[in-house]
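Chain and residue survey
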Amino acid sequence: MAPLVAALSLDMRQWWEANQPNYLALVPKAKMIEAVVEAHGGPLAADGWDKLKKDEVLDRCTDSLKGMGWLPAILR
């Protein structure tokens, strides 16, 4: 698959962004936190979020990932 992606110059960041309806509301809270940590390069980005309720994490994660170009592994 990687040679095809390279040949097409396909960059999914141009077409897809993690948001509530298409990804974040569909994964466990731990996956949302993992995405923020990965996108921002460290655990301090979501420090203490594991103690929050899922809805609160969902809102924070949505705001935090907006415009970051983060993609789940399957879309990279």
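Here is a short report on the structure shown in this document. This one's a predicted model, so the numbers in the text were calculated from it and none came from an experiment.

Below, the discussion takes up a negative patch on the surface. Taken together, Asp55, Glu56, Asp59 and Asp63 make up a surface patch of like negative charges. By the element assignment, Glu56 lies in helix 3 (residues 54-65).

This next bit is on the nonpolar core. Grouped together as the largest cluster of nonpolar side chains are 18 residues, with contacts concentrated most on Ala18, Tyr23, Leu24, Met32, Trp49, Cys61 and Leu65. If you list the elements that add at least two residues to this core, you get helix 2 (29-40) and helix 3. Residues in contact with Leu24, not counting those within four places in the same chain, are Ala18, Asn19, Met32, Leu58, Cys61, Thr62 and Leu65.

With that settled, consider a nonpolar patch on the surface. Taken together, the side chains of Leu8, Leu10 and Trp15 define a hydrophobic patch exposed on the protein surface, amounting to about 380 Å² of accessible area. For Trp15, the location among the structural elements is in the loop between helix 1 (2-8) and helix 2.

Tracing the backbone shows Ser64 in helix 3. A residue is classified by how much of its surface remains accessible, and Ser64, at 17% relative accessible area, is buried. Not counting chain neighbours up to four residues away, the residues in contact with Ser64 comprise Val36, His40 and Trp49.

Rules of the game
Residues numbered from 1 in each chain as written. Predicted model: local features only at pLDDT ≥ 70, side-chain atom pairs only at ≥ 80, totals over all residues. Heavy atoms only, no water. Patch = residues over 30% accessible without salt bridge, like charges linked within 9 Å, V, L, I, M, F, W, Y side chains within 5 Å. Areas by Shrake-Rupley, 256 points an atom, 1.4 Å probe, with all protein chains shown as cover. Salt bridge = Lys/Arg side-chain N within 4 Å of Asp/Glu carboxyl O. Lys, Arg positive; Asp, Glu negative; His and termini not counted. Charge placed at Lys NZ, Arg CZ, Asp CG, Glu CD. Helix = DSSP H or I, 4+ residues; strand = E, 2+ residues; numbered from the N terminus. Core = buried A, V, L, I, M, F, W, Y, C linked by side-chain atoms within 4.5 Å. Buried < 20%, exposed > 50% of the residue type's maximum accessible area, 1.4 Å probe, protein only. Contact = heavy atoms within 4.5 Å.

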